[in-house]
Each structure stands twice: as structure tokens, then as C-alpha cells.
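# What the coordinates show
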Amino acid sequence: MQEKYLPSEIERAAQAQWAARQAYRASDASERPKYYCLSMFPYPSGKLHMGHVRNYTIGDVLARYHAMRGFNVMQPMGWDAFGLPAENAAIANGVPPAAWTYANIDHMRAQLKALGFAIDWSRELATSKPGYYRWEQWLFTRLFEKGVIYKKMATVNWDPVDATVLANEQVIDGRGWRSGALVEKRDIPMYFFRITQYADELLSGLDNLPGWPERVKTMQANWIGKSVGVRFAFPYTRDGKDEQLWVFTTRADTIMGVTFCAVAAEHPLATRAAQDNPALAAFINECKQGSVAEADMATMEKKGMDTGLTVTHPLTGEQVPVWVGNYVLMSYGEGAVMAVPAHDERDFGFAQKYGLPIKQVIGVEGETFSLDAWQEWYGDKARGRCVNSGKYDGLDYAAAVDAIAADLAAKGMGEKKTQFRLRDWGISRQRYWGCPIPIIHCDRCGDVPVPAEHLPVVLPEDVVPDGSGNPLNKRADFVNCACPQCGSAARRETDTMDTFVESSWYYARYACPDFDGGMLDARANQWLPVDQYIGGIEHAILHLLYARFFHKLMRDEGLVASDEPFVNLLTQGMVIADTYYREAADGKKTWFNPADVELRDGVAVLKSDGQPVTVGGTEKMSKSKNNGVDPQALIDQYGADTARLFTMFAAPPEQSLEWSDAGVEGAHRFLKRLWKTVYEHVQGGVVAAFPHPNPPPLAGEGANAEPKPINDAAKALRRQLHQTIQKVGDDIERRKQFNTAIAAVMELMNALARLDGDDDVTRSVRQETLEAAVAMLAPIVPHIAEALYAELRPGAALAWPAVDESALVQDEIELMLQVNGKLRGQIRVAAAADKAAIEAAALASEAAQKYLEGKPPKKVVVVPGRLVNIVV
RNA sequence: GCCGGGAUGGCGGAAUCGGUAGACGCAGCGGAUUCAAAAUCCGCCGCUGGUAACAGUGUGGGGGUUCGAGUCCCCCUCCCGGCACCA
């Protein structure tokens, strides 16, 4: 055995050996129970970042652990290959997005292999390949024919200078990121998935996901946002015609307090009023500026303008003024809202600002309504009883809503309605590097889906976008085609799909990536649902909701048999690091990578020039803040095992992980010590492990089943060993707390180092401990574990150690002794002692005597196995 | 703004069901080894007072429940994630 721990050597050897025997190839035909372990696939941005290392190490630990426990494990990997960054790189460097993407994939695949992940590479896929997106296009045409996909107008961010639709990310302070032009809202036609049709099932299905974190389920439930309310109309007459302004409210009980209505800038009523009102027209134009992002809408200053029009209150008959409000969105509900300033925070602010009347219609007994205390009237208190509401006075929330809905229905002016906050999913993107939408526009036949036999609609890969518009529009060979129905000249749709579509079903395609006869084959149901899904918490809502939705779409197409795609979900925290920057005179910040910064006399300075930089706080590793730590340098210096050990040890998986170079050093030190401990033991000759229920046969020792006499120190170590086996299995399998699993093995190794003696029994206990410790670490640091186990048990395959129950038995245990809840000492009692015996022992103890001063205790609390608390 | 999460030594974190706060690791300090250094090994290490034994105090802030609260309840502050075209 090599005396020195040489990571690069043993890692290369282990990886070559795994590849040679195809160790991680998942069998489609196995007797063993399946375990499908999936990590969210990466966007091929260039090179792996620490978030990837963390994500895939978590998945690999679980995959390897389950393989050691006898499961038929599948851990696949692929590439979320379409997306905006490829186009940005194209604009910056003049490289086609395809070439850039595939080069990145090659580099990142090599990095993943260097980390030693137990991935079945035979199932690798990239979403930008026609063999993949072909089936996405096929499903699109099926759903289009079923009406699950439809077309409607939707609002986008429009850059008037670049003549391009911008992603929210590309809008900075209301301006286009490249042009700096003020962004405008613009309505364009888009294709939508009718996800709202599945809203109820997506909501109720959360109850069948006990393996998901509560917080993710809560976020999804709030996102779907089911609410029962009332949709009703304010009638009005215009140009001699009777018309209606429809609104939706969850607070119909406050309908008698309506003092105005507010409509979106794009609302037909606003458009009409603006025709002979230049000031209003100007205001509407102003409203149309800025981004469409909800966060921007919600935080901007609430502004409005009177249209001069009024509508009739459906119950009181009063005239109600109609305002245009910049906070009312055309795409939400009806594009119009009723306003009750007394009982809605936003309406209140608006009314205060523009001097609109405020009318209290809800009261809480014993409390006086006052404008100063208006905030008090939200939450539970808002659900008081009706006042100043005529016939509805005295009714509570539910009764008032029922009565008001009934009266509106009787007049044909409204009805109860279940409303979801969830909106249909718009998937059209005016971008090149995505999956083409398989639609052909024919002047005669309209929107015609591309027939299955003509799929895939292949995206040309030699295009270089320039940042203005979609380059596909300039490709006559792509655009011009014949209508599949009538054969006349037609135009191909040039919008591509939202990349969330590709990531909504890739998990299913891994079961049968080579199948070219359809989207999925029978192997999908063999492997699905995914047993464990791992990915960042930032995907808690959108990606995970879309994937659940897609699973139900595929189920309803008869492609999968299950209702939900992911049985267990682990949402890992972010990897964060310090940020450093310098600010120029014009306020522009230049960010420096932590690797280029060092501390000199407590001041952060740039290594290159020694001048100070400003410390900008600890944030998610990102390109924009230039605080990403390149895992490659770490692997080169310490090896993959150290990188894996550190990322698993530094924080529990669900919390954010703060990067630290010093911690890496500690992880490496532990592996060196482990290597040395095994080396020293092996130098003395390997022996059979201490007898336990399944004595492992070792050449020369035979079936040595005679129990050997064992001293107290070795017995104590064996107790700790088997407690550790119990704990580590529980930490990995149930708790998914790898940091404490590692800490427990470290403690065990520290205890082993203190075990003296070179007799046969002690050596066999040492052998047992080392075998188990190496096996327990194998899922986390597989290369070194492989090498060490081969020295400890030549020829044997790594196996998870079994717990020896008999080693756990204790005769005497220590309890803590509290007086008035404060720790004052310990007592030793027999492990089997009952409450009375424990109490007697406690009262007889020196510490108890000291604090009781001869007086009887007021109360004694005995928690067997834990403590005694004496109240004096 | 709305929804979700977090805050524990100098640092990362542990305390799994309300029961020894600070496991494990990093940094630091002291010692051994060495010509010297690196590496390695041993010891100390929340704060305040004390030579020490020990005492007091301590889990973002304020209040509450309990024999007992980092953990449960109410209020507050700050930080982070998501907000539908970043992935």
C-alpha cells in the first residue's frame, strides 16, 4: 500500500475502473427495487460552478448510498441547452449559439466525470437536439388540437430602439439593458398552455406529496392562489348602448363601500375616454412605460387619473367614477377592479392621494373605525360584520357574500366564482435559440399545426443573432413553407418555446432517451416517478409547478401512469461568497473575484495592485457580482474527494453554503489522516473484523465465530461504532443531513485514534471500525473509499455495514441533574432503573443535598434516560 | 408590495420529539518534533469576574407559556430566495 495519499492517482484509477466495468449503468431489467435519483440538469453556461458541485454531490451521495443498500439505481445527466445566455454570448463574440453550447457541454461533461459522479452516461441528452425537441413539438400539436394550447394577446417588454422583446432580466430600472431606451409594454399574440384547467388538481395534489418540503408546498399553494369570490358588473350606457364593466372581488361583503372603480390603461373604457381627453391619453401612454414584472408593478408609485366616466353601482344605483390606475393589470382577471378605500390598503392609499371618498361598511364590535388606524382593519379584524350597508347590516363575511351574490345573480349582474391567482402559461418567445413552435400560418386555413410526419421542425444551427429581433425572421429557407392543409404558400411560426417547456419533461425521457418511435415508451413507467429529485430552492415554484403540470398532460395522453413526477424533493440552498468591488466616479461598479482579493492588515486589497477594494457583502455566486469560485482549481489542487467532502460538510443541504478556502484545507486534512490510519493498520497485517452477526469471511481466518474476550475500551469503541452506523444511515437516508453524518465518522475516527493496544482482539476491533468507517464514507468520498477498502478487504465489494444490536447495550447510564431548571451535576444509574429509583438516586446525590439544605423538594421531574429536575 | 425562508462563539455549523447550548471542523493561542520552516502530533479555546474551585451571563430585539425554551405562542428588526421572458 502506498504510504502517501495521492488523490489524483487514486481518483484516475477509480474512475477508469468504474468506466471499464460500466459500474453505474442502470439496468432496465433488474430484480432489485429501482431507485431513480435525479438532480436538476445544468444550463451549459461554460463551466461548472459551486452550485452544480453541491447539487450533484448531494444526488451522488444518495445514489451511491442506495446502490450500497441493494437498489437498482438510475442517476442520469443531461443539458438544459436552449436559453438566453447562448444568444448573449453570440452577440458578444459572434459565435453561433449552437457551437458555443456544444463546446460548453463537452467541457462541463469532462468536469462532471472528474468529480466521480455515479452517472449513467448512456442516457445523456441535450434539449437542443432534434431527437429530443421533436417530441415536445409532437406533444404541442396534440395539445393544440385538444385546445389545451391556445392563442391570445399578451403584454411583453418592448425595446423601441433594438426593436426587440426583452426578458424581465434585460430590463434595468425601466430601460433596455443594451440600448438604454425606456422600455414599453406591448401586446403581441402568443401561445398559452391552459394550466388553469389543472389548477385544482395541481393544488390538491400537493397533499399527496409527503416527501416534499412544507415550504415548497406552501409556496406553490399560494402561487395557485385559489379564492372564492364574486364576479359582477357595473352597468353603464355609452352611445345609446347598454354595456357592463365587469370586476372580480374576494371581498363582496364590502361592495356597499365602493366609491370608485379602477381600470387598466389598456382597458377599452380607458381607450375610449382618452379619445377626447389629451391629458388622459398622455397618462395612459405613461402607464404603458416600464417593465411588466410583477415586482416592479407592485413597488412602483400608485398613480391614477379620472376618466370622467361613471358606471352604476349594481345594488345602490349610485354613480361611481371610473379611474385609470397604473397598478391595474389588463392580464389579471377582468382588467378592472372595484375600490373600497375603507377596507383595502391599496385602495385606501389611492383614495387618500386623490381625495376620493372613504366609506366604512365593516365594523368590529367595541372598536371605533378611524382612518388613522386603518391598518388595524385588515386580517382577522377585517372580517367583522356589515355596517352602513342597508339590508346587509349585521351579516358576517360568509353570510354577506352569500346574500350579495344572490342579489346580484337575481339581477343578472353577477355570480359566485372560483378564481385562481395562477394564470395560463404563455410559452411564445421571440428568440432564436429555442425549440421552434410547430405551427404554420396560412392565409386560408389559419394556424395549422405541423403534421407528425413532418416533425421535427429543425432549428438551423448556423445562425448568429445580433440582438435586434428574432433572426429566424430573416431566414427565408426557414420561414417559407407550404400549408399542410391546402398546399398554398404559407409562413412558419418563428417564435420558439419558453425553455421551461424542455425542462418540464426531461426526467421522463431519461427512461428511454434512445426511443425514436414516440415521446416515451414502456420504460418510463418502469422508472417513474422519480424517487428523489434534488435542485435549488429558486425553482420551488415555476419549474417544479410546470413539471407537475406536464406530468399530468403526459398522463392524460396515456404516456405515463402516475399523477406526480417527483416523490421526494430536496431543495438545496445556494452557494454564496463575499463580493468585492470598486466604484467609478460615474457610479459604475467593477466587481472583483474573491480569488483575486486578499486581506492585508485586515483590509481587503486586490492582489494585482495592492489597492483596497470595497467589501460588498455575501451573496449568491453569480456572474454579475463576479464572486463565483471555480471548482476546477479546487479539484486540481486537492482532488474531487476533498471538494465533495467539503461541500457536504460545510452546511446542511437545505441551507445556503458560505464558501471558505480554509474549510477545504480541513476536509483534505481529514482524508490524509484517514489514509494514514488505514496505512498504519494495514502495515501490521489485515485481520478478520471483530465477530458480529455476519462475520465477513477473510482468507486464512476461516469461519471464526468464537466470541473473543474484549476489554472495556474496545467495548466502548464498538458501542460508539455501531451507534455511528445507526446514525449515519439515518442521517443520509431519512434526514439528508450529510454534515452531521460526516461529523459522526470524524468523532469515531478520533475515538479510534485513542484506542491503545496491539493484541488480536483490539486489532480486530480496529479492523471492524476501519472497514465500517471507510464504507460509511464511500458515498461521499468514493475514490479514496474504493482504494482503502481494497487494502482492508482485498477483492471484496464495498458493502454498507450492519448494526450489531448487542454492541449497543449499556449497563449504566448518566443522567443530568437540574435544580430549578439549572444544571447542577450528574448521577449514574442502572440503565433499567425506574422513575422511583432515579428520583431516590437524585435526591441522595451530593448536588441535591447542597441545594435542598435539608428541606423537602417542592416537585421532582424525572425524564428517564435524560434528566432529573428538582424544584426547591 | 406580496409569498416563502433565515438569524446560535472570531468563522462554518451541532443540539433529530420542549430536556447538558456550542458536537464536528476552521481560525487563534500554548507546547512537542525540527538546525529552521512546512507538515504532523498533544493541549487550551462563548463572554464577564476569579490563581482556581466556582459563580454569573449567553442562541437578532421585546414580551409570554412551562419545572425547564435555541426549539412553542405574540410583536418587532435585519438578511436572503421567488414574483410568471434568467435558468
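Please read these numbers as outputs of a predicted model, since none were measured by experiment.

Looking at chain A, the pLDDT average stands at 90 and 95% of residues meet or exceed 70. Contacts for the low-pLDDT stretch residues 692–705, under 50 throughout, to residues beyond four places or in other chains number 14 contacts. We note a pTM of 0.93 for the whole complex and an ipTM of 0.96 for its interfaces.

Below, the discussion takes up the side chain of Thr254. Structurally, Thr254 can be placed in the loop between strand S11 (241–249) and strand S12 (260–263). Not counting residues within four places of it along the chain, the set of residues in contact with Thr254 comprises Met338, Val340, His343, Val361 and Ile362.

The tally for this structure, following the rule as stated, stands at 45 salt bridges. Among the salt bridges present, the one from Asp60 reaches Arg64, with a minimum N-O distance of 2.9 Å. Taken together, the positions of Asp60 and Arg64, both in helix H2 (residues 50–68) and four residues apart, correspond to about one turn of that helix. Like Asp60, the residue Arg64 is buried in the burial classification. Between Lys416 and Asp402 there is a salt bridge, and its shortest N-O distance comes to 2.4 Å. Pair noted here: Lys416 is in strand S18 (residues 414–420) and Asp402 is in helix H12 (residues 397–410), with a separation of 14 residues, a long-range link.

Turning our attention to the protein's contact with RNA strand B. Every one of the 71 residues lining RNA strand B counts as a neighbour, but Asn168, Arg431, Arg669, Lys727 and Asn869 are closest to it. In the interface set of RNA strand B, defined as its atoms within 4 Å of the protein, sugar plus phosphate atoms amount to 66%. Note that a base nitrogen of RNA strand B is positioned 2.9 Å from one of the backbone N or O atoms of Arg423. In this structure, Glu747 approaches RNA strand B through a side-chain N or O atom, which is 3.1 Å from a sugar or linking oxygen.

Once that is clear, we can look at the sheet that holds strand S15 (residues 336–339). An order of S13-S14-S12-S15 is seen for the four strands of this open sheet, with the pairing classed as mixed. Strands at the two margins of the open sheet, each flanked by one partner only, are strand S13 (304–312) and S15. The average undirected angle you get between the axes of adjacent strands in this sheet is 30°. Direction of pairing for S13 relative to strand S14 (residues 319–325): antiparallel, over a ladder of six bridges. Across the sheet, Val311 pairs through a bridge with Val320, a residue of S14. Helix H9 (residues 278–287) rests against S13 and S14 of the sheet, and its axis sits at about 110° to S13.

Of all hydrophobic cores here, the largest spans 174 residues; its most connected members are Phe193, Tyr507 and Trp659. Take this core: its biggest share by element is 10 residues, from helix H21 (residues 738–753). Filtering out sequence-adjacent residues up to four positions away, Trp659 remains in contact with Met50, Ile576, Ala577, Met621, Val629, Leu634, Phe646, Thr647 and Val664. Among the nonpolar cores identified, the runner-up in size contains 42 residues, and Ile255, Val258, Phe283 and Val324 belong to it.

Under the 1.5 Å per step criterion, the end-to-end length of H2 is 26 Å for 19 residues, consistent within 8% with the ideal 27 Å. Counted residue by residue, H2 has 18 buried out of 19 residues, so it is predominantly covered. One or two residues past the end of H2 sits Gly70, with phi positive at roughly 100°.

Moving on to unusual backbone geometry. With omega at 0°, the peptide bond leading from Leu455 into Pro456 counts as cis. In this structure, the amide linkage connecting Leu528 to the following residue, Pro529, adopts the cis form with an omega of -5°. Mapped onto the secondary structure, Pro529 falls in the loop between helix H15 (523–527) and strand S26 (530–536). With a phi angle near 50°, Asp239 is a residue other than glycine that sits in the positive phi range. One non-glycine residue, Lys736, adopts positive backbone phi at about 55°.

Bringing the side chain of His543 into the picture now. As for its placement among the helices and strands, His543 is situated in helix H16 (residues 542–556). Judged by relative accessible area, His543 falls into the buried class, the value being 5%. At 2.8 Å, the side chain of His543 forms a polar contact with the side chain of Tyr533.

Contact pair helix H1 (residues 7–20) / helix H23 (residues 782–792): the axes reach a minimum separation of 9 Å and the direction vectors enclose 85°. Classified by the angle between their axes, H1 and H23 sit roughly perpendicular to one another. Across the interface between the two elements, Ile10, Glu11, Ala14, Gln15, Gln17 and Trp18 from H1 touch Pro782, His783, Ile784, Glu786 and Ala787 from H23. Here the contact of H1 with H23 is composed, by residue class, of six nonpolar, three polar and two charged.

Their axes nearest at 8 Å, the elements helix H3 (residues 84–93) and helix H4 (residues 97–114) cross at an angle of 115°. Between H3 and H4, the angle is such that the two are roughly perpendicular. Judged by the sense of rotation from one axis to the other, the crossing of H3 with H4 is right-handed. Facing H3, whose interface residues are Pro85, Ala86, Glu87, Ala89 and Ala90, H4 presents Pro97, Trp100 and Thr101.

What follows is about the pairing of strand S36 (residues 859–863). With five bridges joining them, S36 and strand S37 (residues 867–871) adopt antiparallel strand pairing. In the strand pairing of S37, Lys859 is matched with Val871. Adjacent in sequence and paired antiparallel, S36 and S37 are bridged by three residues, among which Gly865 carries a positive phi angle near 80°.

Inspection of helix H11 (residues 345–354) places Asp347, Phe348, Phe350 and Ala351 among the buried residues, and these make up the whole buried set. Down the axis of H11, the sector holding all buried residues measures 165°, keeping them to one side. Its buried side turned inward, H11 meets S12, S13, S14 and S15. N-cap assignment for H11: the residue whose side-chain oxygen lies 3.0 Å from the backbone N of Arg346 is Asp344. Looking one or two places after H11, you find Gly355, whose phi comes out positive at around 65°.

The next thing to look at is the sheet that holds strand S27 (residues 566–572). In spatial order, the strands read S2-S1-S26-S27; together these four strands make up an open sheet with parallel pairing. Every other strand in the sheet has two partners, leaving strand S2 (72–74) and S27 as the edge strands with one partner each. Strand-to-strand, the axes of this sheet are offset by a mean angle of 20°, without reference to chain direction. Summarising the sheet, strand S1 (residues 34–39) and S26 pair through three bridges and their orientation is parallel. In the sheet register, Leu38 faces S26, and the bridge partner there is Tyr533. Along the sheet face, H2 touches S1, S2, S26 and S27 and points at about 175° away from the line of S1.

Together, Lys4, Arg669, Lys672 and Arg673 make up a positively charged patch on the protein surface. Within the secondary structure, Lys672 sits in helix H19 (residues 661–683). Owing to a relative accessible area of 44%, Lys672 belongs among the partly exposed residues under this scheme.

What counts as what
- Residues numbered from 1 in each chain as written.
- Chains lettered and ligands numbered in written order.
- Predicted model: local features only at pLDDT ≥ 70, side-chain atom pairs only at ≥ 80, totals over all residues.
- Heavy atoms only, no water.
- pLDDT = per-residue confidence, 0-100.
- Contact = heavy atoms within 4.5 Å.
- Helix = DSSP H or I, 4+ residues; strand = E, 2+ residues; numbered from the N terminus.
- Salt bridge = Lys/Arg side-chain N within 4 Å of Asp/Glu carboxyl O.
- Buried < 20%, exposed > 50% of the residue type's maximum accessible area, 1.4 Å probe, protein only.
- Near = heavy atom within 4 Å.
- Polar contact = N/O pair within 3.5 Å; in protein donor to acceptor, adjacent residues only side chain to side chain.
- Pairing = 2+ DSSP bridges.
- Axes fitted to C-alpha atoms, helices over the stretch in contact; angles between N-to-C directions.
- Core = buried A, V, L, I, M, F, W, Y, C linked by side-chain atoms within 4.5 Å.
- Expected span 1.5 Å × (residues − 1).
- Parallel < 35°, antiparallel > 145°, perpendicular 65-115°, else oblique.
- Nonpolar A, V, L, I, M, F, W, Y, C, P; charged D, E, K, R; others polar.
- Left-handed = near helix turned anticlockwise from the far one by under 90°.
- Arc of directions from axis to C-beta.
- Patch = residues over 30% accessible without salt bridge, like charges linked within 9 Å, V, L, I, M, F, W, Y side chains within 5 Å.
- Areas by Shrake-Rupley, 256 points an atom, 1.4 Å probe, with all protein chains shown as cover.
- Lys, Arg positive; Asp, Glu negative; His and termini not counted.
- Charge placed at Lys NZ, Arg CZ, Asp CG, Glu CD.

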